[in-house]
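Listed below are the residues making up each chain.
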Amino acid sequence: SNSTKDSRVVSKVFDQTNHEELEITSKYVIGCDGSQSRVRNSLGAETTGKADIQEFMNVHFSCPKLGRGMRNNRGLIHFVFNPDALMSVVVTHDADKGEYIMHIPMLPPLKGFDDYTENQVKQH
């Protein structure tokens, strides 16, 4: 929680390691916790500017062969950069079963869900 005192901000935070509440006095509070900012919301501050900066399409797919091929490289997050295809981030959910989620950003010229066909996603 936050309050103001003599042009300063007093923030109450909970230290999860020591299990105690602390008060921090500062000149500013900066919320860098996303578009649904808990910090901004707790201050009652309104969003200014563009509400949605980026949109993504998430594709869940199963590929046991990929899971088997990645046995020696068990990373959780894989970045896919290909100028001729979709740029994406692939998150491993269960490598043993070959379960993944592909996060595909909506970048021009593909700006919406209708611009992505099933065949396009499969090809890339």
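Nothing here was measured: the structure is a model prediction, and the numbers come from that model.

The rules behind each value
Residues numbered from 1 in each chain as written. Predicted model: local features only at pLDDT ≥ 70, side-chain atom pairs only at ≥ 80, totals over all residues. Heavy atoms only, no water. pLDDT = per-residue confidence, 0-100. Helix = DSSP H or I, 4+ residues; strand = E, 2+ residues; numbered from the N terminus. Phe/Tyr/Trp six-rings, centres within 6.5 Å; stacked < 30°, edge-to-face > 60°. Buried < 20%, exposed > 50% of the residue type's maximum accessible area, 1.4 Å probe, protein only. Pairing = 2+ DSSP bridges. Polar contact = N/O pair within 3.5 Å; in protein donor to acceptor, adjacent residues only side chain to side chain. Contact = heavy atoms within 4.5 Å. Core = buried A, V, L, I, M, F, W, Y, C linked by side-chain atoms within 4.5 Å. Axes fitted to C-alpha atoms, helices over the stretch in contact; angles between N-to-C directions.

*Asks:* Help me get a handle on the confidence of the model for the chain, residues and values and all.
*Replies:* Scored by pLDDT, the chain has a mean of 80; 83% of the residues are at 70 or more. Within the chain, no element has a lower average pLDDT than strand E1 (residues 2–5), which sits at 63, and none a higher one than strand E3 (residues 20–26), at 92.

*Asks:* Before we move on, can you summarise the packing of aromatic side chains with the specific residues and values?
*Replies:* Across all of its chains, the model carries two aromatic pairs by this definition. Ring centres 6.4 Å apart and planes at 10° place the aromatic pair Phe 79 and Phe 81 in the stacked group. Here Phe 79 and Phe 81 have matching classes, each one exposed.

*Asks:* Account for the pairing of strand E6 (residues 88–94), with residues named and values stated.
*Replies:* Here strand E5 (residues 77–80) pairs with E6 via four bridges, running antiparallel. In the sheet register, His 78 faces E6, and the bridge partner there is Val 90. Bridging between E6 and strand E7 (residues 99–105) involves five bridges; their strand directions are antiparallel. Across the sheet, Val 89 pairs through a bridge with His 103, a residue of E7.

*Asks:* Kindly report on the side chain of Ser 26, identifying the contributing residues and their values.
*Replies:* Take Ser 26: it is sitting in strand E3. Separated by 2.8 Å, the side chain of Ser 26 and the backbone oxygen of Tyr 28 make a polar contact. Residues contacting Ser 26, with those up to four places away along its chain left out, are Arg 8 and Val 9.

*Asks:* Could you give an account of the nonpolar core, with specific residues and numbers?
*Replies:* Met 57, Met 70, Val 90, Ala 95, Tyr 100, Met 102, Ile 104, Met 106 and Tyr 116 form the largest nonpolar core, which has nine residues in total. No other element matches the three residues that E7 contributes to this core. Once residues lying within four places of it in the same chain are set aside, the contact partners of Met 70 are His 78 and Tyr 100.

*Asks:* Describe the sheet that holds E7, with residues and values.
*Replies:* Spatial strand order, E4-E7-E6-E5: four strands in an open sheet with antiparallel pairing. In this open sheet, the two strands that pair with only one neighbour each are strand E4 (56–62) and E5. On average, each strand axis in the sheet is inclined to that of its neighbour by 25°, with strand direction left out of account. Across seven bridges, E4 lies against E7 in antiparallel orientation. Residue pairing in the sheet places Ser 62 in a bridge with Glu 99 of E7.

*Asks:* Tell me about unusual backbone geometry, residues and numbers included.
*Replies:* Its identity is not glycine, yet His 19 carries a phi of approximately 55°, on the positive side. In this structure, His 19 sits in the loop between strand E2 (8–15) and E3.

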